Amino acid sequence: MIYIRHIVILDQYPRDVLAPRHLPSMPKKKTLQRRHIEALVAVAESRSVHRAARELGVQQPVLSRLLGEAEALIGARLFERSSHGSVPTAQGRLILPRARFALRSMERLSDLTAGDTPPIRLGCIPRAMHTVLPRLLERVYPARGAAADASADASAEGMRFEVREGNSMDLFDALVTGDLDFSILRGNVRDIGDQCDDEWVIERLFDERTVIYCAADHPDIPRGQVSLPRLAALGWTLPERGTTSRGAFDAFWTQQGLTAIRPLMETRSFEANLALVAASRLVSIAPESIVRRHVGFGVLRIVKVRRALPVNPVMLAYHRLSLEDPLLHRFHGYVVEAARMR
C-alpha cells in the first residue's frame, strides 16, 4: 500500500496569509501509475524495451514514453540503454525491487476484489521441505470436520500457498524479481550478492548441522571416530556445484588443509544421495534431521568425525513491506511457528 503525505511548512508563510482563502493554489503533482510500474518491471525482466513492449502488447514508442515519464517522476535515470539492451543503473537497482513489490500488491488487490484469494508463493530449500513444510501444512490446511485440531487458527481459512523448491541463490533471485513472496534459505543470504540491501528482511528461523553419512554396513568406515583424511580417500556423491550446501562443504574441507573432494557423482537433491549411499559404498552429506530418519530404518548411519561440520542457519527472507499485507503477515507467523515446532 502506498501512502502519500502532503506537508505544508507554515513558517514559510506570513501570519496574515495562513487563512485557507489566502493559501496559494498548489498544482497537482503527478505520481507513478500502474502502467509506469508495469513498464519498469517489464523492461527490467526482458532487458530490452522492444521485447518488453511485445510482452505488454503495446507499441515500442508507447513503452519508451512510459519509461521516460517514470524516470522523470522519480527524478533519476533507471536504465542504461545501448545496442546490447537496457541494463538497470545503480538507482534502477534500488527502485526496481520496490516496483516489483508494488506491482505484486496491485495484482493481489485485483484478485481480492474479484473474489479470488491469490496464492502466497513460497520458495524453500530441500532441507526445509523435510522439516518446516509438514508443520506449515498442518497450520495452513488444518483437518476439517469433527477431528479438526481445536488449536488451528481460523484465520488460515481460505489461505493458499504454492511452493517452489530450489537452492538458496536461485530462490533469493526469484524473491528479488517478485516471483516469490517468501524464501526459506540456507545460511546468511547477504553473502549471496550485492542485491540484498535494506529492502529485504533476513530472519533466522533455526540452526541445523550437516553430517557425513554412509551405509549402515559400510565395511571401510568404523563405528568409532574417523579422521577426515581417511574419509577423503573414499568414493563420494555430493550436491552439485553452485548449491550453498556444496559451497559450505568445500569451504570446510579446504579449511582443514585437505584437497577438495572430487566426487564420483553429483546430484541435485538430498533424496538422490540418500538412496545411492544406502545401496553402495559411497559417502555423502545431508542435514542431520533428514539422515536420522533413515538411520532409524537401519539403512544408514552417521559417520563420527573428529572435527564436525559447522552448524548451518536456516533463514526466512522477504520484502520489508510484506508484513503490511494482513494475509502475508499471518502466513509469516505460520512459517515462524512451523520452524519452531519442526
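Remember, it's a predicted structure, so these values are computed and weren't measured experimentally.

Scoring rules and cut-offs
- Residues numbered from 1 in each chain as written.
- Predicted model: local features only at pLDDT ≥ 70, side-chain atom pairs only at ≥ 80, totals over all residues.
- Heavy atoms only, no water.
- Salt bridge = Lys/Arg side-chain N within 4 Å of Asp/Glu carboxyl O.
- Helix = DSSP H or I, 4+ residues; strand = E, 2+ residues; numbered from the N terminus.
- Buried < 20%, exposed > 50% of the residue type's maximum accessible area, 1.4 Å probe, protein only.
- Polar contact = N/O pair within 3.5 Å; in protein donor to acceptor, adjacent residues only side chain to side chain.
- Contact = heavy atoms within 4.5 Å.
- Axes fitted to C-alpha atoms, helices over the stretch in contact; angles between N-to-C directions.
- Parallel < 35°, antiparallel > 145°, perpendicular 65-115°, else oblique.
- Left-handed = near helix turned anticlockwise from the far one by under 90°.
- Nonpolar A, V, L, I, M, F, W, Y, C, P; charged D, E, K, R; others polar.
- Patch = residues over 30% accessible without salt bridge, like charges linked within 9 Å, V, L, I, M, F, W, Y side chains within 5 Å.
- Areas by Shrake-Rupley, 256 points an atom, 1.4 Å probe, with all protein chains shown as cover.
- Core = buried A, V, L, I, M, F, W, Y, C linked by side-chain atoms within 4.5 Å.
- Arc of directions from axis to C-beta.
- Pairing = 2+ DSSP bridges.
- pLDDT = per-residue confidence, 0-100.

Colleague: How should I be thinking about the pattern of salt bridges in this particular structure?
Modeller: When the charged atoms of two side chains with opposite charge come close together, those side chains can pair. Under the counting rule described, the total for this entry stands at 15 salt bridges. A salt bridge links E71 to R81; the shortest N-O distance between them is 3.1 Å. Of this pair, E71 sits in helix α3 (residues 60-74) while R81 sits in strand β1 (residues 79-82); the two residues are 10 residues apart in sequence, bridging distant segments of the chain. Taking relative accessible area as the criterion, E71 reaches 10% and is therefore assigned buried. Judged by its relative accessible area of 36%, R81 is partly exposed. The salt bridge involving R246 is made with D250; its shortest N-O contact spans 3.1 Å. In this pair, R246 and D250 are both assigned in helix α8 (residues 244-255), four residues apart and thus about one turn of the helix distant.

Colleague: Please clarify how the side chain of S284 should be interpreted in this entry.
Modeller: Position of S284 relative to the elements: it lies in strand β9 (residues 284-287). Judged by its relative accessible area of 0%, S284 is buried. In terms of polar contacts, S284 uses its side chain to reach the backbone carbonyl oxygen of T237, at 2.6 Å. Apart from the residues within four sequence positions on either side, S284 is in contact with V211, I212, Y213, W236, T237, L238, N273 and V277.

Colleague: Please clarify how the packing of helix α1 (residues 34-46) against helix α2 (residues 49-56) should be interpreted in this entry.
Modeller: A packed helix pair is summarised by two numbers, namely the angle formed by the two axes and the spacing between the axes. Packing of α1 against α2 brings their axes to within 8 Å, and their N-to-C directions diverge by 125°. If you check the angle between α1 and α2, you find them oblique. The two elements α1 and α2 meet at a crossing, and its hand is right-handed. Side by side, α1 and α2 meet where E38, A39, A42, V43 and S46 of the first sit next to V49, R51, A52, E55 and L56 of the second. Considering only residue class, the contact of α1 with α2 consists of six nonpolar, one polar and three charged.

Colleague: Quick question: what am I supposed to make of a nonpolar patch on the surface here?
Modeller: Side chains of L56, V58 and V62 sit close together on the surface and give an oily, nonpolar patch of about 190 Å² of accessible area. Topologically, V58 is positioned in the loop between α2 and α3. Owing to a relative accessible area of 31%, V58 belongs among the partly exposed residues under this scheme.

Colleague: Which parts of the structure should I look at to understand the nonpolar core?
Modeller: Nonpolar side chains in soluble globular proteins tend to be buried together. Counting 36 residues, the largest nonpolar core has L136, I184 and F331 as its most contacted members. Taken together, the elements giving at least two residues each to this core come down to β3 (120-124), α5 (126-140), α6 (168-176), β5 (182-186), β6 (200-215), β11 (311-319) and α11 (326-341). Tallying contributions element by element places α11 first for this core, with seven residues. Those residues in contact with F331 that lie beyond four places of it in its chain are I120, L122, L136, V140, M159, F161 and F182. Counting 18 residues, the second-largest nonpolar core is a separate cluster that includes L238, I261, V283 and I285.

Colleague: Is there a simple way to explain the side chain of N273 in this structure?
Modeller: Following the sequence through the fold, N273 ends up in helix α9 (residues 270-278). N273 sits in the buried class, given a relative accessible area of 0%. At a separation of 3.0 Å, a polar atom in the side chain of N273 contacts the side chain of T267. Those residues in contact with N273 that sit more than four places away from it in its chain are Y213, T237, L238, P239, T267 and S284.

Colleague: Looking at this structure, I do not really get α2. What am I missing?
Modeller: For an α-helix, 3.6 residues make a turn, and residues three or four places apart therefore share a direction. For α2, the full list of buried residues reads V49, A52 and A53. Take α2 and look down its axis: the buried residues cluster within an arc of 100°, on one side only. Seen from the open side of α2, the exposed residues pointing more than 90 degrees away from its buried face are R54 and E55. Where α2 is buried, its residues touch α1, α3 and β2 (85-88). The first or second residue beyond α2 is G57, which carries a positive phi of 75°.

Colleague: Looking at this structure, how should I read the pairing of β3?
Modeller: Looking along a regular strand, one sees side chains alternate from face to face of the sheet. Taken across its five residues, β3 has five buried, putting it largely inside the fold. The alternating pattern of β3 places I120, L122 and C124 on one face and R121 and G123 on the opposite face, and all of these are buried. Of the strand pairs in this sheet, β3 and strand β4 (residues 161-165) are connected by five bridges, and their pairing is parallel. The residue bridging I120 from the neighbouring strand is F161, located in β4. The pairing of β3 with β5 spans three bridges and is classified as parallel.

Colleague: Where do I start with unusual backbone geometry in this structure?
Modeller: Glycine aside, the phi torsion of most residues is negative, and most peptide linkages are trans. With a phi angle near 60°, R47 is a residue other than glycine that sits in the positive phi range. Looking at the element boundaries, R47 is found in the loop between α1 and α2.

Colleague: Sorry if this is basic, but what is going on with the confidence of the model for the protein here?
Modeller: Where the model shows low pLDDT, its predicted coordinates should not be examined in detail. For the protein, per-residue confidence averages 82 on the pLDDT scale, and residues scoring 70 or more make up 82% of the total. Put simply, helix α4 (residues 90-113) is where the protein has its lowest mean pLDDT, 78, and strand β10 (residues 300-302) is where it has its highest, 97. Low pLDDT, under 50, characterises residues 1-27; the stretch is placed with 10 contacts to residues that sit more than four places away or in other chains. Throughout residues 144-152 the model reports pLDDT below 50, and contacts reaching past four residues in sequence, or to other chains, amount to five contacts.

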